[in-house]
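Remarks on the overall topology
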Amino acid sequence: MASLSAFLVALRMMESSGDYQAVNTLNFLGAYQFGEAALIDLGYVRHDGDPYDNNYSGGWTGKSGIDSKQEFLASRKVQDKAAEAWVKLMWHYIESQNLHRHAWTEVGGIELTPSGMLAATHLLGTYALEEYIQSGGKADLRDPYGMPITSYMIRMAKVEVPFAPKPRRLASSE
C-alpha cells in the first residue's frame, strides 16, 4: 500500500510537521492531530458524553496497549496504525454519505480528488465536505485556527489512495 503510505506521510507533515509528540492548543494529539471523536471511532478512547471537547475524560480503552495520552504520544507505531485505520474509516464515512460520487468532479473551481476529499474530511469532517459540495464550493469552511477546507483539498489532491475510485477519464479507457 505504497500510495497509502505516501498519503499518511503527507498528512502528518501538514498536521504536525511529522511531530508524533505534538499536542495543539485544542488538545489534538500526535503526528496526525487526532481529536477525541476520532480516537473514540477508532476504539482507543471511551465515549464520555462529549466527543468534541478533546478532554479524553472517558479514559483510554487499552487498544494496542495504549492506556493514556502519554502512551499514545510516545508510540509512532500506534499512531501510524491508527492513521491507516482512520483514513479507511473516513473513506467509509464519505461513501456512507454518498459523497464518493463527487470524486473527480469540479466544485468551486477545485477538482475533488479522493485524497483531497479525505484530507478535507480529516480537517473538518464528512458533514463539512458535504456542505462544501452542496454549496457549489461557496461555503467558506475553516478549522478553529482559520485553515480553509479548500487548502487541504488542494494540497493533498495529487496523493493517491488505494481504495478510492480512479479518475473517470482513466476508468473509461480501461
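Before reading further, recall that the structure is shown in the block above.
Residues numbered from 1 in each chain as written. Predicted model: local features only at pLDDT ≥ 70, side-chain atom pairs only at ≥ 80, totals over all residues. Heavy atoms only, no water.

What to know about the overall build of the protein
Operational definition: Only DSSP runs of H or I reaching four residues or more are called helices, and only runs of E reaching two or more are called strands; each is numbered from the N terminus. Each radius of gyration reported is based on C-alpha atoms, and the globular scaling rule is 2.2 Å times the count of residues to the power 0.38. Per-residue accessibility, obtained with a 1.4 Å probe over protein chains only, is compared with the maximum for each type, and a residue is labelled buried under 20%, exposed over 50%, and partly exposed between these values. The contact rule is simple, with two residues in contact once any of their heavy atoms fall within 4.5 Å. Each accessible area is a Shrake-Rupley estimate made with a 1.4 Å probe; only the visible protein chains count as cover when residues are assessed.
Per the secondary structure count, the protein includes 8 helices and 2 strands. Along the protein, helices (α) and strands (β) appear in the sequence α-α-α-α-β-β-α-α-α-α when read from the amino end. The C-alpha atoms of the protein give 16 Å as radius of gyration, which agrees with the globular expectation for 174 residues (16 Å, within 12%). With the C-alpha coordinates of the protein rotated into their principal frame, the extents come out at 50 × 35 × 30 Å. Counting only residues that meet the buried cut, the protein has 49% of its 174 residues in that class. Long-range pairs, those at least 24 residues apart, make up 56% of the contacts in the protein with a sequence separation of at least 6. Accessible surface, the protein: about 8,600 Å² in total, of which carbon and sulfur atoms supply 51%.

Concerning the layout of surface pockets
Applied cut-off: Cavities and pockets are defined on a 1 Å grid built over the protein atoms alone: a cavity is a set of grid points where a 1.4 Å probe fits but cannot escape, while a pocket is an open set with protein on both sides within 12 Å along at least five of seven lines, and lining residues are those with an atom within 4 Å of any such point. Grid points are joined across faces, edges and corners, and a volume is the space filled by probe spheres set on the points. Only Asp, Glu, Lys and Arg are considered charged in this grouping, and only Ala, Val, Leu, Ile, Met, Phe, Trp, Tyr, Cys and Pro are considered nonpolar; every other residue, Gly among them, is considered polar.
Space inside the largest pocket adds up to approximately 920 Å³. Lining the largest pocket are 36 residues, with Phe28, His122, Leu123, Leu124 and Gly125 sitting closest to its centre. Contributing elements (two or more residues each) for the lining of the largest pocket: α1 (2-16), α2 (36-41), α4 (76-96), α5 (114-124) and α6 (126-134). Take the lining of the largest pocket: its biggest share by element is 5 residues, from α2. Looking at the lining of the largest pocket, its residues break down into 20 nonpolar, 11 polar and 5 charged.

Topic: the pattern of salt bridges
Just so we agree on the cut-off: For salt bridges, the criterion is a side-chain nitrogen of Lys or Arg within 4 Å of an Asp or Glu carboxyl oxygen.
Under the counting rule described, the total for this entry stands at 3 salt bridges. Here Lys88 makes a salt bridge to Glu84, at a shortest N to O gap of 3.3 Å. Of this pair, Lys88 and Glu84 are both found in helix α4, 4 residues apart, which corresponds to roughly one turn of the helix. Classification of Lys88 by relative accessible area gives partly exposed; the value is 34%. Judged by its relative accessible area of 31%, Glu84 falls in the partly exposed class. For Arg142, the salt bridge identified is with Asp140, shortest N-O distance 2.9 Å. Accessibility expressed as a relative area gives 55% for Asp140, which makes it exposed.

Quick notes on the packing of α4 against α5
Helix packing for two helices is described by the angle between their axes and how far apart those axes are. For the record, the criterion: Inter-axis angles, ranging from 0 to 180 degrees, are taken between N-to-C directions of lines fitted to C-alpha atoms, where helices are fitted over the stretch in contact. In what follows, roughly perpendicular refers to angles from 65 to 115 degrees, roughly parallel to angles under 35, roughly antiparallel to angles over 145, and oblique to any angle outside these ranges.
Contact pair α4 / α5: the axes reach a minimum separation of 10 Å and the direction vectors enclose 100°. The orientation of α4 relative to α5 falls into the category roughly perpendicular. Residue-level inspection shows Trp86, Val87, Met90, Trp91 and Ile94 of α4 in contact with α5, the latter providing Pro114, Met117, Leu118, Thr121 and His122. Considered class by class, the residues forming the contact of α4 with α5 number 8 nonpolar, 2 polar and no charged.

Notes on the nonpolar core
The following threshold applies: What makes a nonpolar core is a set of buried Ala, Val, Leu, Ile, Met, Phe, Trp, Tyr and Cys residues whose side-chain atoms join them at distances within 4.5 Å.
If you look at the biggest cluster of nonpolar residues, it comprises 54 residues, and the most contacted ones within it are Phe7, Phe34, Leu39, Trp60 and Tyr132. Elements with a contribution of two residues or more to this core: α1, α2, α3 (69-74), α4, α5, α6 and α7 (149-155). In terms of residues, this core owes the most to one element, α4, which gives 9 residues. Beyond its immediate stretch of four places on either side in the chain, Phe34 contacts Asn27, Phe28, Leu29, Leu39, Leu42, Tyr56, Phe72, Gln79, Ala82, Ala83 and Trp86.

Brief notes about the packing of aromatic side chains
The geometry of an aromatic ring pair is captured by two quantities: the separation of the ring centres and the angle between the planes. Filter applied, for reference: Note on aromatic contacts: the rings of Phe and Tyr and the six-membered ring of Trp form a pair at centre separations within 6.5 Å, being stacked when their planes are under 30 degrees apart, edge-to-face when over 60 apart, and tilted otherwise.
Going through the model one piece at a time under the given rule, you end up with 7 aromatic pairs. A ring pair is formed by Tyr56 and Trp60, whose centres lie 5.9 Å apart and whose planes are at 20°; its orientation type is stacked. Geometrically, the ring pair formed by Trp60 and Phe72 is tilted, given 5.7 Å between the ring centres and 35° between the ring planes. Taken together, the positions of Trp60 in the loop between α2 and α3 and Phe72 in helix α3 put the pair 12 residues apart, joining distant regions of the chain. Among the aromatic residues, those joined into a ring-pair cluster are Tyr20, Tyr32, Phe34, Tyr44, Tyr56, Trp60 and Phe72.

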